[in-house]
Amino acid sequence: MAKDPGRVLIFDTTLRDGEQSPGASLNLEEKLAIAHQLARLGVDVIEAGFPFASQGDFAAVQKIAEQVGGDDGPIICGLARASKADIKACSDAIAPAPKKRIHTFIATSDIHLEHKLRKSRKDVLQIVPDMVNYARSLAEDVEFSCEDAARSDPEFLYEIINVAISAGASTINIPDTVGYTTPSEFGDLIKGINEKVPNINDAVLSVHGHNDLGLAVANFLEAVKNGARQLECTINGIGERAGNAALEELVMALHVRRRFYNPFFNRHPNSPTPLTGVRTEEITKTSRLVSNLTGMVVQPNKAIVGANAFAHESGIHQDGVLKNRLTYEIVDARTVGLLDNKISLGKLSGRSAVRARLEELGYDLSREDLNEAFLRFKDLADRKREITDRDLEAIVSEQVMQPEARFQLHLVQVSCGTALKPTATVTLADQDGREQTTVALGTGPVDAVCKALNALAGVPNELIEFSVKSVTEGIDALGEVTIRLRSDGQIFSGHSADTDVVVAAAQAYVNALNRLVSSEKLGSIHPQRDVVKANL
Ligand code: KIV
Ligand code: ZN
């Protein structure tokens, strides 16, 4: 049986696999804020990025290693393909962290070998020990993943895992890269590895999985029953395509159903000891932070963190819950940190109150950013009686934590109505403050604004999504607009909130354009789609 840490280790890959999802790209300041919050959440490992991808990715992993990894904090990990150049870049980027890990991988399924790597099984059997050995010469803690393991020949997997452990890997990760497996199949695969790999008790067995068939969490829980002791997951389940296994669902399943899972850890069913090290009360805050900063909206009916997850709309349920909560509720909302904090701040609130609340929400702002946030707070407080946490998050996430913006929105004005052709006048300023103004007609006011902005920015792009929702209730609520643009095959999102939805739309569009022009993603390397030129 694989090495057993006595509980499940939570390996968060929001900043690596999550950030690989289209439109979710984050800047350095945003990645740092999320990493700090993940540390507060109590994850065991933060996979901070893929350092070889670009200078920006390298710098972000390095900053997280410097600032977030502590002696009592999480291990900071970087991803590297099975190539010396990748592994070296990874080792350099994670160097400042007291506890660090190199995570290297290569595909093992015949379909990947033939069509992606164009290598034989024999080639891979040679590359794996060479690369794990090399990684071990640079770091004590090395994880090895067999990409597309769920579609690999199990006999070949056993051989690969055996050589990876002999070369020094202390964590072996089994990914369901394409979200293809089913719970019983995945459980059997983990069981087979535990039984057939002779040196498996020298490594922790980990799982990683995508949600293409909506089975990722169920697959992981079956893996846990069969001895998997590290789960690789993301906040809100964000990630490539249908996403990754959702951290909050896994943690809460193991928390709420502890009596069921305890025996698989050789514990008495009633043992109260938690099965993960996660502080569940930080879950809601972390979910919101990730959603706000990535622009990946959480579906209302999403388990644990969706807006309706704890809402009891139907009369029968409300009556039952009032008589006894247990009739229809299996999780107390307070366990995941969902407190009723609607009325938090108002017009008379001072700067320190705003800062304290932002810090509680996971936003640790620099002096300049706090100044900017406070100005925006005051401006909003003049227009809106009560400022909720949601309002504060909306103010900060898109308008404050941004690097030097190429485009600044200086003016937006629209005329529209039943008797008018929608017309927008827009003024954009560049980095040197030079202003340009133009007028455009559209099918509606937002279309007119976007046309005018595009004419001024001159950056080719296609608008692929536009959505508006109200941040809180009430007629004076902020309208939150999310925009997604496509350019050169990449997706960029921008969002913004204002009591005027046309202004919010214009600002969201400008934010998305700014992300597009400053993106590190254009021209950067994708760890799974781009094949290494030379392993050695
Ligand atoms: O899905 C996958 O296989 C991965 C690996 C790189 C671990 O993300
Ligand atoms: Zn993945």
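Residues numbered from 1 in each chain as written. Chains lettered and ligands numbered in written order. Predicted model: local features only at pLDDT ≥ 70, side-chain atom pairs only at ≥ 80, totals over all residues. Heavy atoms only, no water.

A full pass over the atoms with the stated rule returns zero disulfides. As a non-bridged cysteine, Cys77 has Cys90 as the owner of its nearest cysteine sulfur, 6.5 Å distant. (Disulfide = S-S within 2.5 Å.)

Accessible area lost upon the coming together of the parts is a frequently used measure of interface size. Domain parsing of the protein chain yields domain 1 (9-277), domain 2 (351-399) and domain 3 (408-518). Each of domain 1 and domain 3 has a C-alpha centre, and these two points are 39 Å apart. On the domain 3 side, the residues contacting the five residues of domain 1 number five residues. Approximately 380 Å² of surface area, both sides summed, lies buried where domain 1 meets domain 3, with 29% of it carried by carbon and sulfur atoms. If you look at where domain 1 meets domain 3, you find one salt bridge. At the boundary of domain 1 with domain 3, the tally comes to five residue pairs in polar contact (both at pLDDT 80 or more). (Domains from an automatic or database assignment. Contact = heavy atoms within 4.5 Å. Buried area = accessible area lost by both parts, 1.4 Å probe. Salt bridge = Lys/Arg side-chain N within 4 Å of Asp/Glu carboxyl O. Polar contact = N/O pair within 3.5 Å; in protein donor to acceptor, adjacent residues only side chain to side chain.)

Summed over all chains, the structure comprises 38 salt bridges. Its salt-bridge partner being Glu249, residue Lys302 comes within 2.5 Å of it at the nearest N-O pair. Highlighted residues: Lys302 in the loop between helix H12 (283-294) and helix H13 (315-323) and Glu249 in helix H10 (residues 247-256), separated in sequence by 53 residues. Exposure remark for Lys302: the relative accessible area of 8% places this residue in the buried category. One network of salt bridges, with partners in common, ties together Arg16, Asp17 and Glu47. (Helix = DSSP H or I, 4+ residues; strand = E, 2+ residues; numbered from the N terminus. Buried < 20%, exposed > 50% of the residue type's maximum accessible area, 1.4 Å probe, protein only.)

Below, the discussion takes up the nonpolar core. Counting residues in each nonpolar core, the largest one holds 118 residues, and the members touching the most others are Phe144, Ile172, Ile174 and Ile193. Setting aside residues no more than four positions away along its own chain, Ile193 makes contact with Leu157, Tyr158, Ile161, Ile174, Ile200 and Leu205. One finds Phe492, Val502, Ala512 and Leu516 within the second-largest nonpolar core, a separate group that totals 29 residues. (Core = buried A, V, L, I, M, F, W, Y, C linked by side-chain atoms within 4.5 Å.)

It is worth spelling out the coordination of the zinc ion (ligand 2) at this point. Here the zinc ion (ligand 2) is held by Asp17 (OD), His208 (NE2) and His210 (NE2), and the distances to it run 2.0 to 2.2 Å. Summarised as a motif, the one-chain spacing of the donors to the zinc ion (ligand 2) is D-x190-H-x1-H. You can see Asp17 sitting in helix H1 (residues 14-18) and its partner His208 sitting in strand E7 (residues 204-209), a full 191 residues away along the chain. Since its relative accessible area comes to 0%, Asp17 is described here as buried. (Donors = N, O, S within 2.8 Å, 3.2 Å for Na, K, Ca; no water.)

In the contact formed by helix H9 (residues 216-225) and H10, the axes pass within 10 Å of each other and the chain directions differ by 45°. Taken together, H9 and H10 sit at an angle that is classed as oblique. Note that H9 runs across H10; the crossing there is right-handed. Note on element contacts: H10 touches H9 through Glu249, Leu250, Ala253 and Leu254, opposite Val217, Phe220, Leu221 and Val224. Classifying every residue of the contact of H9 with H10 by side-chain character gives seven nonpolar, no polar and one charged. (Axes fitted to C-alpha atoms, helices over the stretch in contact; angles between N-to-C directions. Parallel < 35°, antiparallel > 145°, perpendicular 65-115°, else oblique. Left-handed = near helix turned anticlockwise from the far one by under 90°. Nonpolar A, V, L, I, M, F, W, Y, C, P; charged D, E, K, R; others polar.)

The next subject is the site of ligand 1. Contacts to ligand 1 come from Arg16, Asp17, His103, Phe105, Ser145, Glu147, Pro175, Thr177, His208, His210 and Gln528. In this structure, an oxygen atom belonging to ligand 1 sits 3.1 Å away from a side-chain N or O atom of His208. Residue His210 places a side-chain N or O atom 3.1 Å away from an oxygen atom belonging to ligand 1. Those elements giving two or more residues to the shell around ligand 1 turn out to be H1, strand E4 (100-107) and strand E5 (142-147). (Near = heavy atom within 4 Å.)

Here we take up the sheet that holds strand E12 (residues 462-470). Taken together, three strands build an open sheet; the order of strands is E12-E13-E14 and the sheet is antiparallel. Each edge of the sheet is formed by a strand with only one pairing partner; in this case those strands are E12 and strand E14 (490-498). Ignoring strand direction, the axes of neighbouring strands in this sheet form an average angle of 15°. Examined bridge by bridge, strand E13 (residues 479-487) and E14 share nine bridges and lie antiparallel to one another. (Pairing = 2+ DSSP bridges.)

Summarising burial for E5: six of the six residues are buried, a large majority. Because side chains alternate across E5, one face comprises the buried residues Val142, Phe144 and Cys146, and the other comprises Glu143, Ser145 and Glu147, equally buried. For E4 and E5, the ladder comprises six bridges, and the chain directions are parallel. When the sheet's bridge partners are listed, His103 is paired in E5 with Glu143. In this structure, E5 lies alongside strand E6 (residues 171-176), joined through three bridges in parallel fashion.

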